[in-house]
Amino acid sequence: MKLRGAALAGLWLATSVAVAQDAAPPQRIVVEGKTADEADQRRLSTIAMTVVGRDELDAFGDTSVLDVLQRLPGLSIEDGVPKLRGLGAGYTQVLINGEPAPPGFSLDNLAPADIERIEIVKGPTAEYGGVAGVINIVLRVPPKLTQREWRVNLGYRAVAPQGGTTLGYGDRVGALGFYLPITLYTWANGAESRVQRLSRLPDGEVRADVLNAEDEWRGRGLNLGPRVDWKLGERETLSWQGMAQANESHNHSERLFTLISGPALTRSADQTESRGRWQLLRAQLQWVRRSEAGTRIELKAAAQGSQSRSAATTSALDGAGAAIPLRDTLSNQRDRSLTQGGRLRLPLPPTHTLTLGWDIEQRERRELRRGFDAGVEQVTGSQGVPFHARLNRGVFFAQDEWEPAPRWSALAGLRAESLGWRTAGPGGAVDNDTLSWSPNLQLRHALNEAGRDLLRLSMARSVRVPDIGSLLPRYALNGTYDKDTPNTPLAADSAGNPKLEPERSTGFDLALEKHLANGGVASAGVFHRRIDNLVRRRTALETVPEASVPRWVSRPVNIGRAHSTGLELELKGRADVLAPSWFSAKSGVQLRAALSVYRSRVEQLDDPDARLDGQPPWGATIGFDHAPAGGVFSFGGNLGLSPAFSTQQTDRQRIRRGHQQRLDAYLLWRFDRQLHLRIAGNNLLGADALSSSVVQDVDGFAAASDTQRSTPRQINASLTMRF
């Protein structure tokens, strides 16, 4: 890979500079003062970013990282996935200690007690990329003083109680510091759904039916996140961060099919029992050296492996009520990744700071799915045969941060990213590669001498890499219809596409910020993204190796270009600062509100609803926290809203999502500085989730489905003790 040479050259340059500066250190006067808090970090940073530190993570006794994120402006949560600017599914990049989150990783299972800080960057940078932005979860570091903490929580969401406990212990012994958090947890959830379907069979007959389903998900898991820091010298540190996660699940599903009109159903009912296990091991080694002149060198390497195994058994009744032979499925998926990177931060007097860096990554996935009908294994183009995918990524970036004029700061960077992937299956191997150059420019201008009124401007290009699972050329049959029975576009099979090209984005951001006293902020910003090689899922009738009849298949394809434009408003701070005539300085009330308005368009589709997947027309959050000084009790709440909207997927496919409203509230009781109890309610409104899908045929017939799904409320009590 061409970037390997650049990486070695960067390492040689970093070492040479460090040696030279240590040999002849310049005369400097070092003034030490208070470290900038999270509000100051946001205000002083050239890039638009938000930092959530330990104080805020502990302030409200949250038991899940998602509880923390859902309070932040411009960030929404959908199906447990965080979205910046209304965009998820790879547009928002989630990192753990600066590295991509592993496959199968869920933020919902990561306790805030395991986190040192959360860094949120809206928009791409030369170092990380990211079309919509980056969420970087930094795990806990060893404390300066001995720290012991125990947390336990118990809650109920559906079907059964759930809970967890976290024990953290950190200390320093001479030059060695360590922190060890251990978390055990269980979950129990369930939902009921009703789907009304209208479809047309291959012979032209139309069928209307109703599917009623009940689902339960239960499981338990373990998280470990040890970290060890070793001071090799006054300005040199070696760190090791480990992560081990394991969980197992037991799911149960029942479905009842009722015919309304048309030909008889092939199934009247079915039931599925499934069990699964997921394991992750990760280790990261980091070496950092600083010189008196301010030069900083960082080298890091990480290895990661995860494995998931699942087994499911489905029993069913045909349309006449007779038993259908049992179907068993086994799945085994292994992911491996190796990464290596480096950073050189070099001050160049009088006002420049140059940063050079590289990241080299290799990801690999192996999958094997096996199917058994009445105990007889079915070997087809996707079952009983292995699939393999490997992705190699090399990144080199350079950026210069400087102050071109008083009250101005700028950051100009260039990111070179090389991607190459190979997928292999029964149909043979497919190779693909691409190289992209992504320049970016960030500007920050202080509108007054105090530096509290800011104007920010960003122009950048970035790349969205396809998920490795979407590249695998294997089919996953939709279980609603037997493999030798024609399915419908509403119950399409799914398949990957090894010929996918990365999406390329060109973006512009402009924001005005006013920083208020005591960490408050008021901001207004606009953004625009042009996305080339847009990836969408297209449903079409195909010949499938697993079936004896043609089947409808949904697969990702590059369809063209899209545009996304938005307006984001944010207001947060102490109530006595925002509304001094209504609140006193002793009220202890913090207010926050955010409104985001989005408009997107896909050029290849002539429809007013041809928007980007999952991006609503608008989203709003409003919340408060009441924590009087010296008070025993504090409480707060948060309300999130988004409207119903339709999305034209392709020229014949349309999906609609109902309006969403989520209300969360909590009560925190502080017995003393070492012990507090938190009682919280999530999704208190408990409104059902509504959605629909329509696929239109060439003659105008529209197959349609309307889904109503319950979203249970959750009550949780947690106790935190420090000793």
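Note that this is a predicted model, so its numbers are computed, not measured.

Participant: Which parts of the structure should I look at to understand the overall build of the chain?
Facilitator: Looking only at helices and strands, the chain features six helices and 37 strands. Along the three orthogonal principal directions, the C-alpha set of the chain runs to about 90 × 60 × 50 Å. Taken over 723 residues, the chain has a buried fraction of 48%. For the chain, restricting intrachain contacts to residue pairs at least 6 apart in sequence, the fraction spanning at least 24 positions comes to 67%. Taking the average location of the 88 positive side-chain charges in the chain and that of its 80 negative ones, the two points are 3 Å from each other.

Participant: What am I meant to see in the pattern of salt bridges here?
Facilitator: Any two side chains of opposite charge can pair, given that their charged atoms come close. Throughout the structure, instances matching the rule amount to 53 salt bridges. A salt bridge links Glu 513 to Arg 42; the shortest N-O distance between them is 3.9 Å. Here Glu 513 is found in strand E25 (residues 503–515), whereas its partner Arg 42 is found in helix H2 (residues 38–44), with 471 residues between them in sequence. We note that Glu 513, like Arg 42, is buried. When the shortest N-O distance is used, the salt bridge between Arg 197 and Asp 209 registers 2.5 Å. Here Arg 197 is found in strand E10 (residues 176–200), whereas its partner Asp 209 is found in strand E11 (residues 206–224), with 12 residues between them in sequence.

Participant: I would appreciate a short explanation of empty space enclosed by the protein in the present structure.
Facilitator: Summary: where empty space remains is shown by rolling a probe the size of a single water molecule over the atoms. What the rule picks out here adds up to four cavities of 30 Å³ or more. Put simply, the largest cavity is a space of about 470 Å³. In terms of lining residues, the largest cavity is bounded by 35 residues, among which Ala 48, Arg 85, Lys 122, Glu 513 and Glu 568 are the most central. Mapped by element, the contributors of at least two residues to the lining of the largest cavity are strand E1 (49–52), strand E6 (115–122), strand E22 (453–464), E25, strand E26 (521–542), strand E27 (551–574) and strand E28 (589–602). Looking at the lining of the largest cavity residue by residue, the class counts come to 16 nonpolar, 10 polar and nine charged.

Participant: What's the story with a nonpolar patch on the surface in this structure? I'm lost.
Facilitator: A grouping of Leu 447, Leu 455, Met 459, Phe 508, Leu 510, Leu 512, Val 526, Leu 567, Leu 569, Leu 595, Trp 618 and Leu 641 is seen on the molecular surface, where their side chains present a nonpolar patch of about 900 Å² in accessible area. Contributing elements (two or more residues each) for the nonpolar patch: E22, E25 and E27. Considering every element that reaches the nonpolar patch, the biggest residue donor is E25, with three residues. Structurally, Leu 447 is set in the loop between strand E21 (428–446) and E22.

Participant: Where do I start with the side chain of Glu 116 in this structure?
Facilitator: With respect to the helices and strands, Glu 116 occurs in strand E6. Within the structure, Glu 116 has its side chain in polar contact with the backbone nitrogen of Val 141 (distance 3.3 Å). Beyond its immediate sequence surroundings of up to four residues, Glu 116 is in contact with Gly 53, Arg 54, Leu 57, Val 138, Leu 139, Arg 140 and Val 141.

Participant: For this particular structure, what's the right way to read the pairing of E22?
Facilitator: As a general feature of sheets, a regular strand has side chains that alternate between the two faces. With seven bridges connecting them, E21 and E22 associate as antiparallel partners. Counted as the bridge partner of Ala 446 is Leu 454 from E22. Counting the residues that bridge the hairpin from E21 to E22 gives six residues, and of these Gly 451 lies at a positive phi of roughly 70°. Sheet topology note: the E22/E25 ladder contains 12 bridges and is antiparallel. Note on E25: the bridge partner recorded for Ala 460 is Gly 507.

What counts as what
Residues numbered from 1 in each chain as written. Predicted model: local features only at pLDDT ≥ 70, side-chain atom pairs only at ≥ 80, totals over all residues. Heavy atoms only, no water. Helix = DSSP H or I, 4+ residues; strand = E, 2+ residues; numbered from the N terminus. Buried < 20%, exposed > 50% of the residue type's maximum accessible area, 1.4 Å probe, protein only. Contact = heavy atoms within 4.5 Å. Lys, Arg positive; Asp, Glu negative; His and termini not counted. Charge placed at Lys NZ, Arg CZ, Asp CG, Glu CD. Salt bridge = Lys/Arg side-chain N within 4 Å of Asp/Glu carboxyl O. 1 Å grid on protein atoms, 1.4 Å probe; cavity = no way out; pocket = protein on both sides within 12 Å on 5 of 7 lines; lining within 4 Å. Points joined across faces, edges and corners; volume = space filled by probe spheres on them. Nonpolar A, V, L, I, M, F, W, Y, C, P; charged D, E, K, R; others polar. Patch = residues over 30% accessible without salt bridge, like charges linked within 9 Å, V, L, I, M, F, W, Y side chains within 5 Å. Areas by Shrake-Rupley, 256 points an atom, 1.4 Å probe, with all protein chains shown as cover. Polar contact = N/O pair within 3.5 Å; in protein donor to acceptor, adjacent residues only side chain to side chain. Pairing = 2+ DSSP bridges.

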